[in-house]
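Read off the chains here:
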Amino acid sequence: MNDRSGLEPTAVQGSVLIAGVGASNGLGAAIARRFAAGGYPVAIAGRNAEKLAATAAELAATGAKVTHVVGDASSAADVARFVEAAGKLAPLAMAVHNAGSNRPAPFLKVTEQRFEEHWREHALGGFQLAQAAIPALLARGGGTLVFTGASGSLRGKANYSPFASAKAALRALAQSVAREFGPQGIHVGHVVVDGGIEGDRLLSVRPQLKDDRGPDGLLNIAAIADAYWVLHHQHRSAWTLELDLRPWAESF
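Cut-offs applied
- Residues numbered from 1 in each chain as written.
- Predicted model: local features only at pLDDT ≥ 70, side-chain atom pairs only at ≥ 80, totals over all residues.
- Heavy atoms only, no water.
- Helix = DSSP H or I, 4+ residues; strand = E, 2+ residues; numbered from the N terminus.
- Expected span 1.5 Å × (residues − 1).
- Buried < 20%, exposed > 50% of the residue type's maximum accessible area, 1.4 Å probe, protein only.
- Axes fitted to C-alpha atoms, helices over the stretch in contact; angles between N-to-C directions.
- Parallel < 35°, antiparallel > 145°, perpendicular 65-115°, else oblique.
- Left-handed = near helix turned anticlockwise from the far one by under 90°.
- Contact = heavy atoms within 4.5 Å.
- Salt bridge = Lys/Arg side-chain N within 4 Å of Asp/Glu carboxyl O.

Draft legend 1. Summary view of helix 5 (residues 161-181). Taking 1.5 Å per residue, 21 residues should reach 30 Å; helix 5 reaches 30 Å between its end C-alpha atoms and fits that length. Within the sequence span of helix 5, burial applies to P162, F163, A164, A166, K167, L170, A174, V177, A178 and F181.

Draft legend 2. Spotlight on the packing of helix 1 (residues 27-37) against helix 8 (residues 221-232). At a minimum axis separation of 8 Å, helix 1 and helix 8 run at an interaxial angle of 55°. Viewed along their axes, helix 1 and helix 8 adopt a mutual orientation that is oblique. Two packed elements cross with a definite hand, and for helix 1 against helix 8 that hand is right-handed. The residues of helix 8 that touch helix 1, namely those facing L27, A30, I31, R33, R34 and F35, are I221, A222, I224, A225, D226, Y228, W229 and H232.

Draft legend 3. Layout of the pattern of salt bridges. Applying the stated rule across the entire model yields ten salt bridges. Of the charged contacts, one joins E117 and R114 as a salt bridge, the two residues approaching to 3.4 Å between their closest N and O atoms. In this pair, E117 and R114 both sit in helix 4 (residues 112-140), three residues apart, roughly one turn of the helix. Here E117 falls in the partly exposed class, since its relative accessible area comes to 27%. The partly exposed category is assigned to R114, whose relative accessible area is 30%. Here D194 makes a salt bridge to R155, at a shortest N to O gap of 2.9 Å. Of this pair, D194 sits in the loop between strand 6 (186-193) and helix 6 (200-203) while R155 is found in the loop between strand 5 (143-150) and helix 5, placing the two residues 39 residues apart along the sequence. On the basis of relative accessibility, which here comes to 1%, the residue D194 falls in the buried class. Since its relative accessible area comes to 38%, R155 is described here as partly exposed. One salt-bridge network, in which partners are shared between bridges, spans R47, R103, R114, E117 and E121.

Right, dumping it as structure tokens:
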């Protein structure tokens, strides 16, 4: 008989924190919905108070146990509040870094401020969440820490130097933290979202893209969220460090 004692219990054993939640039609909210549907209390955090409150209200209307915290994921003080809020729901079982934007520009037009903003949102934000969440996960006896990556985590395209630099740094951070804390029971994952996400952020800027790409040509946010669910429930003898997701028609 196979020993599955290293599998995250199906019964809810803790809370899930998602840092980087905005509109309900976005990846952060989709991750929250997936775990709430599975019975986990969820804490959602983001910078836009109005969007965050609306998403929290939608989750609560489904019967989810949810709390929301406004703050900046690159701020140590704010992230400490995120983790504390999740801990008030239940001991922290999983933390997700999903924060950060992408503002492409020709390299010679990129200012130092813009470059640093990307680094703070992605690399520093991931660092802050890891430093705040890991002690809570260790106190629980283990858990999951997941970072949302992108195509830029693996390759720097023209006009994307700030974003690619920041995402590559986040990927390296995930690798380092995984090697240090995996043996202590923390499953660290890095999800490379390699393609356009069918959510408000992309479609508000390029509304025609969904038709241009055709059926399932963009990544479905609920389908991505399912991958996060799977990562959290993997048996520890076969943990995934890096998972890349792309539409079936995406070239790579």
